[in-house]
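# Structural features, examined
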Amino acid sequence: MTACSNSPTVKGGGDPDLDNAARKALAQLFAEEPKTRDVLRPEAKAILVFPSVVKAGLIVGGHTGDGVMFNSAGKVIGYYGASAVSFGLQAGAQSYSEVLFLMTDTAITELSSGAGLSLGVGPSLVIVDSGTAKSLTTTTLKADVYAFIFGQEGLMAGMGVQGQRINSYDK
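A brief report on the enclosed structure follows. (Residues numbered from 1 in each chain as written. Predicted model: local features only at pLDDT ≥ 70, side-chain atom pairs only at ≥ 80, totals over all residues. Heavy atoms only, no water.)

## Focus on the overall build of the protein chain
The helix and strand inventory of the protein chain stands at 5 helices and 5 strands. The proportion of buried residues among the 171 residues of the protein chain is 44%. Contacts in the protein chain between residues at least 24 apart in sequence constitute 73% of all its contacts with a sequence separation of at least 6. Counting only carbon and sulfur atoms, one obtains 55% of the accessible surface of the protein chain, whose full area is about 8300 Å². (Helix = DSSP H or I, 4+ residues; strand = E, 2+ residues; numbered from the N terminus. Buried < 20%, exposed > 50% of the residue type's maximum accessible area, 1.4 Å probe, protein only. Contact = heavy atoms within 4.5 Å. Areas by Shrake-Rupley, 256 points an atom, 1.4 Å probe, with all protein chains shown as cover.)

## Remarks on the packing of aromatic side chains
Pairs of aromatic rings are described using the distance from one ring centre to the other and the angle between the two planes. In this structure the tally under the stated criterion is 2 aromatic pairs. Ring plane angle 80 degrees and centroid distance 5.7 Å describe the contact between Phe101 and Phe148, whose orientation is recorded as edge-to-face. Placement of the pair is Phe101 in strand E2 (residues 76-102) and Phe148 in strand E5 (residues 145-169), with a sequence separation of 47 residues. With relative accessibility at 3%, the residue Phe148 sits in the buried group. (Phe/Tyr/Trp six-rings, centres within 6.5 Å; stacked < 30°, edge-to-face > 60°.)

## Concerning the environment of Ser95
Relative to the elements of secondary structure, Ser95 occurs in strand E2. By relative accessible area, which is 22% here, Ser95 ends up partly exposed. Look past the residues within four positions of Ser95 in its chain and what remains in contact with it is Val53, Val54, Gly151, Gln152 and Glu153.

## With respect to the packing of helix H2 (residues 16-32) against helix H3 (residues 34-43)
Contact pair H2 / H3: the axes reach a minimum separation of 4 Å and the direction vectors enclose 105 degrees. By the angle between their directions, the pair H2 and H3 is classed as roughly perpendicular. Residue-level inspection shows Leu26, Leu29, Phe30, Ala31 and Glu32 of H2 in contact with H3, the latter providing Pro34, Thr36, Arg37 and Arg41. (Axes fitted to C-alpha atoms, helices over the stretch in contact; angles between N-to-C directions. Parallel < 35°, antiparallel > 145°, perpendicular 65-115°, else oblique.)

Set out below in structure tokens:
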């Protein structure tokens, strides 16, 4: 895991509650989409898990969540916050889990840099639904980041323009 050795390390003892929630969310994803364990996990350089992202909006909205980055051996190597602001025809509130499989050194470097990672800008991103997950193989893995959103609760309706920003922080 040469790429992960340059990633942020856990300072101050970490956050055991967030670590446990992230591990449970990852186990839920593996249970719902077994192919993710077979294909993405061994190929990923790191896995970033946001166990609970909360999204709300009425015309203007946003979302926020805290996450944990694990290396391929399951060791916590950093903590991250995700946030976004959106604008458009939207109303409601929901929570969900999000898992990002970082497949390249470029994705890890972008995420670990002081500027953080803006999804949709920089490394190539594929948002994977259950149909796509079933067809993944090591020969079809071409993107820098694969994102899974699952466990949605609540209702959020509408259309809007949104970008997600992920930054590291110390625990």
